[in-house]
Amino acid sequence: MSVERELAHVEPETAATNLVEVRIAAEPAQLAVMRAVVGDLAMRADYDVDTIADLRLAVDEACSSLVRLAAPAATLVCRFRIAGDRLSVTAEVISDDAFGPRKDTFSWRVLSALADVVSTSVESDPAANGSHLVRIELTKGRTAHV
């Protein structure tokens, strides 16, 4: 098969093109990057000003929680996905803590109030010397324009 034929049979772009991944050092000084990215993505997706502010605060709260749990020299990874009228964020970090973020804190209440759906999970990695992957996922829908 020639190169031209192979190029002609390329599948159309999938929903993965709506995925943005950002990696930063898990340090408080770096969180402004995540706020800026989610704000820009929400603005480009035509979210209203109040929802953009909610998303910035929610991402900041989620990432701050993960930074507090991060292992030394860990990387904070955020994946932002826009699908229809929903923006989903998955933030994760390697931690020595097997319990993940506490859900009985003011921080978790704020996060839950700002997003439509919030969840957390912790995955153990037997090959990682007792480290755990701590993840927070949140979703926020676009408010109807009036």
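Each chain has its residues counted from 1, running along the sequence as written. It should be noted that, the model being predicted, local features are given only for residues of pLDDT at least 70 and side-chain atom pairs only at 80 or more, the latter also being counted only at that level, while totals for whole chains, interfaces and linings use all residues. Side-chain measures were taken over the full set of non-hydrogen atoms in the model, leaving aside hydrogen atoms and water.

The phi dihedral of Asp-46 is positive, around 70°, even though this residue is not glycine. Counting from the N terminus, the helices are the DSSP runs of H or I reaching at least four residues and the strands are the DSSP runs of E reaching at least two. Relative to the assigned elements, Asp-46 resides in the loop between helix H2 (31-44) and helix H3 (49-69). Accessibility here uses a 1.4 Å probe with only protein chains present; expressed as a share of the type maximum, an area under 20% marks a residue as buried, one over 50% as exposed, and anything in between as partly exposed. A residue is classified by how much of its surface remains accessible, and Asp-46, at 46% relative accessible area, is partly exposed. A positive phi angle, near 60°, is found at Ala-73, a position not held by glycine. Along the chain, the position of Ala-73 falls in the loop between H3 and strand S2 (75-83). Take Ala-73: its relative accessible area is 83%, and that puts it in the exposed class.

Another aspect to go through is the packing of H2 against H3. Viewed as axis vectors pointing N to C, H2 and H3 meet at an angle of 150°, and their least axial separation amounts to 9 Å. Classified by the interaxial angle, the pair formed by H2 and H3 is roughly antiparallel. As for the relative orientation of H2 and H3, their crossing is right-handed in sense. Note on element contacts: H3 touches H2 through Ile-52, Leu-55, Arg-56, Val-59, Asp-60, Cys-63, Ser-64 and Val-67, opposite Leu-31, Met-34, Arg-35, Val-38, Gly-39, Ala-42 and Met-43. Each residue belonging to the contact of H2 with H3 can be placed in one class, and the counts come to 10 nonpolar, 2 polar and 3 charged. Throughout, an axis means a line fitted to C-alpha atoms (over the contacting stretch in the case of helices), and angles, computed between N-to-C directions, take values from 0 to 180 degrees. What sets the label is the angle itself: under 35 degrees gives roughly parallel, over 145 gives roughly antiparallel, 65 to 115 gives roughly perpendicular, and the rest give oblique. Less than a right angle of anticlockwise turn of the near helix away from the far helix marks a crossing as left-handed, whereas a clockwise turn marks it as right-handed. Should any heavy atoms of two residues lie within 4.5 Å, those residues are considered in contact. Any residue that is not Ala, Val, Leu, Ile, Met, Phe, Trp, Tyr, Cys, Pro, Asp, Glu, Lys or Arg is counted as polar, Gly included; the first ten are nonpolar and the last four charged.

This part is about the pairing of S2. In the case of a regular strand, side chains alternate between the two sheet surfaces. Pairing analysis gives 7 bridges linking strand S1 (residues 19-25) to S2, with the strands arranged antiparallel. Residue Arg-23 lies in a different strand from S2, and its bridge partner there is Val-77. Two strands pair under a simple rule: DSSP has to find at least two bridges between them. Of the pairings in the sheet, the one linking S2 to strand S3 (residues 86-95) comprises 7 bridges and is antiparallel in character. Counterpart to Arg-79 in the pairing with S3 is Thr-90. Adjacent in sequence and paired antiparallel, S2 and S3 are bridged by 2 residues, among which Gly-84 carries a positive phi angle near 65°.

Pairing between the strands of a sheet comes from backbone hydrogen bonds, and it takes one of two forms, parallel or antiparallel. If you trace the 5 strands from one edge of the open sheet to the other, you get S1-S2-S3-S5-S4, paired in antiparallel fashion. At either margin of the open sheet sits one strand with a lone partner, and together these are S1 and strand S4 (117-124). Going from strand to strand, the sheet's axes swing by 15° on average, the running direction of each strand aside. Together, S4 and strand S5 (132-141) form the strand contacts of helix H4 (residues 106-114), whose direction differs from that of S4 by roughly 125°.

Okay, the nonpolar core next. Think of a nonpolar core as a cluster: buried Ala, Val, Leu, Ile, Met, Phe, Trp, Tyr and Cys residues, connected wherever their side-chain atoms sit within 4.5 Å. Judged by nonpolar contacts, the single largest core of 38 residues is most densely connected at Met-34, Cys-63, Leu-76, Phe-80, Leu-87 and Leu-138. Within the residue set of this core, elements represented by two or more residues are S1, H2, H3, S2, S3, H4 and S5. The element that contributes the greatest number of residues to this core is H3, accounting for 9 residues. Excluding residues within four positions of it along the chain, Leu-76 makes contact with Val-22, Arg-23, Ile-24, Ala-25, Ala-26, Leu-31, Met-34, Cys-63, Leu-66, Val-67, Glu-92 and Val-93.

With 21 residues, H3 extends 31 Å from end C-alpha to end C-alpha; this agrees with the ideal 30 Å at 1.5 Å per step. Polar contacts, as counted here, are pairs of nitrogen or oxygen atoms within 3.5 Å of one another; within protein the pair requires one atom able to donate a hydrogen and one able to accept it, and residues that are adjacent in sequence qualify only if both atoms are side-chain atoms. Where H3 begins, one side-chain oxygen reaches toward the backbone nitrogen of Asp-50, 3.0 Å away; that side chain belongs to Asp-48. The span expected for a helix works out to 1.5 Å for each residue beyond the first.

Our focus in this paragraph is the confidence of the model for the protein chain. Per-residue confidence for the protein chain gives a mean pLDDT of 87, with 84% of residues at or over 70. The quantity called pLDDT is the predictor's confidence in a given residue, expressed from 0 to 100. Scored below 50 in pLDDT, residues 1-15 shows 3 contacts in the model against residues more than four places distant or in partner chains.

Before going further, it helps to examine the pattern of salt bridges. Think of it this way: side chains of opposite charge can pair up when their charged atoms draw near. Salt bridges are defined by distance alone: a side-chain nitrogen of Lys or Arg within 4 Å of a carboxyl oxygen of Asp or Glu. With the rule as written, the count across this model stands at 10 salt bridges. For Arg-79, the salt bridge is made with Glu-21, and the minimal N-O distance between the two is 2.9 Å. Linking Arg-79 in strand S2 with Glu-21 in strand S1, this pair joins segments that are 58 residues apart in sequence. Classification of Glu-21 by relative accessible area gives partly exposed; the value is 38%. Ionic contacts of the salt-bridge type, sharing partners, join the residues Glu-21, Arg-23, Arg-79, Glu-92, Glu-123 and Arg-135 into one network.

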